[in-house]
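Coordinates in review
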Amino acid sequence: SQQGEEDPQALSIQEGENATMNCSYKTSINNLQWYRQNSGRGLVHLILIRSNEREKHSGRLRVTLDTSKKSSSLLITASRAADTASYFCATDGLRWGSNYQLIWGAGTKLIIKP
Amino acid sequence: EAQVTQNPRYLITVTGKKLTVTCSQNMNHEYMSWYRQDPGLGLRQIYYSMNVEVTDKGDVPEGYKVSRKEKRNFPLILESPSPNQTSLYFCASSRGGEQYFGPGTRLTVT
């Protein structure tokens, strides 16, 4: 079952611009994670934000979480060609009692044009 | 180097011919999981394991089996593959929170 839904499904921007992707989910969560997947390869963890956090930074990445709206956004600043990838959000559910089980969105495909 | 390995990376097989995709992790993680990824559907969980000898079904377990006899290994078994199991498969491990993914196995069943 899919809990997270990313928006937009695809995003194409010029190198150097900022890219913003959004994720919405349905049930209460312990935390929300963002992953990157380069074409056909394994997913790589980017950042985890806990339900009691509102914003988190990691290098050029900024993640926000609004639990009242059940949504999160991932901002990539000063985009580079190497940022071209698909980005997925994943949430756990309080009903599982742990943060092992993740529910995944369908992803946003980001293309950075040189 | 901490990693999750999968083998084979690519496999083309015929309907009904049993196959096993291996997965191994060297991080001493208790939790391991198998996913399949299909265009437009994101990642769907097939089976997961919370520890040795403890496995449970995910969202799409039909047609698959798993075993967890050792902590580091979590093979995925397709007893009688069918064309609708053509997909990209990922193994992942975790100690809670962040999941570490293998490089993927692209399976084609003709």
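Just so we're clear, the structure is a prediction, and the values are computed from it rather than from any experiment. (Residues numbered from 1 in each chain as written. Chains lettered and ligands numbered in written order. Predicted model: local features only at pLDDT ≥ 70, side-chain atom pairs only at ≥ 80, totals over all residues. Heavy atoms only, no water.)

Overview of the pairing of strand S1 (residues 4-7) of chain B
Residues and elements named next belong to chain B. Note the threshold: Here the term buried applies to any residue with accessible area under 20% of the maximum for its type, exposed to any over 50%, and partly exposed to those in between, with areas from a 1.4 Å probe on protein chains only. Helical segments are the DSSP runs of H or I of at least four residues, strand segments are the runs of E of at least two, and each set is numbered from the N terminus. A pair of strands is treated as paired once DSSP finds two or more bridges between them.
Because side chains alternate across S1, one face comprises the buried residues Val4 and Gln6, and the other comprises Thr5 and Asn7, none of which is buried. As paired elements, S1 and strand S3 (residues 19-25) share four bridges and run antiparallel to each other. Pairing of Gln6 across the sheet is with Cys23, part of S3.

What about the interface of chain A and chain B?
Our working rule: Two residues qualify as a contact provided that any one of their heavy atoms is within 4.5 Å of a heavy atom in the partner residue. Values labelled buried area give the accessible surface lost by two parts on being combined, using a 1.4 Å probe and summing over both. Criterion for a salt bridge: a side-chain nitrogen of Lys or Arg within 4 Å of a carboxyl oxygen of Asp or Glu. Polar contacts, as counted here, are pairs of nitrogen or oxygen atoms within 3.5 Å of one another; within protein the pair requires one atom able to donate a hydrogen and one able to accept it, and residues that are adjacent in sequence qualify only if both atoms are side-chain atoms. Classification used: nonpolar for Ala, Val, Leu, Ile, Met, Phe, Trp, Tyr, Cys and Pro, charged for Asp, Glu, Lys and Arg, polar for all others including Gly.
Each partner contributes residues to the interface: chain A has 19 residues there, and chain B has 24 residues. At the boundary of chain A with chain B, total buried surface from both sides reaches about 1,600 Å², with 51% on carbon and sulfur atoms. Inspection of the chain A/chain B interface yields zero salt bridges. At the junction of chain A with chain B, the criterion picks out four residue pairs in polar contact (both at pLDDT 80 or more). Looking at the side of chain A that touches chain B, the elements that each hand over two or more residues are strand S4 (31-37) and strand S5 (43-50) of chain A. Class assignment of the residues belonging to the side of chain A that touches chain B gives a composition of eight nonpolar, 10 polar and one charged.

What about the state of the cysteines?
Note on terminology: a disulfide is the covalent bond linking the sulfur atoms of two cysteines. Defined as follows: A pair of cysteine sulfur atoms is labelled a disulfide when the two atoms are within 2.5 Å.
The tally for this structure, following the rule as stated, stands at two disulfides over all chains. The residue that forms a disulfide with Cys23 of chain A is Cys89 of chain A, at a sulfur-sulfur distance of 2.0 Å. Measuring the twist about the S-S bond at about 65 degrees, one finds the Cys23 of chain A-Cys89 of chain A disulfide to be right-handed. One end of the pair, Cys23 of chain A, is in strand S3 (residues 19-24); the other, Cys89 of chain A, is in strand S9 (residues 85-91), and 66 residues separate them in sequence. Like Cys89 of chain A, Cys23 of chain A is buried. Paired by a disulfide, Cys23 of chain B and Cys91 of chain B hold their sulfur atoms 1.8 Å apart. For the disulfide bridge between Cys23 of chain B and Cys91 of chain B, the dihedral angle about the S-S bond is near -70 degrees, and by the sign convention the bridge is left-handed.

Looking at the sheet that holds S3 of chain B
Residue and element names in this part refer to chain B. Sheet architecture is open: four strands sit in the order S1-S3-S8-S7, paired in antiparallel fashion. Whereas interior strands pair on both sides, the edge strands pair on one side only; in this sheet they are S1 and strand S7 (65-66). Where S3 lies against strand S8 (residues 76-78), three bridges are found, and the strand directions are antiparallel. Paired with Leu19 across the strands is Leu78, a residue of S8.

So yeah, pure geometry; function would need other evidence.
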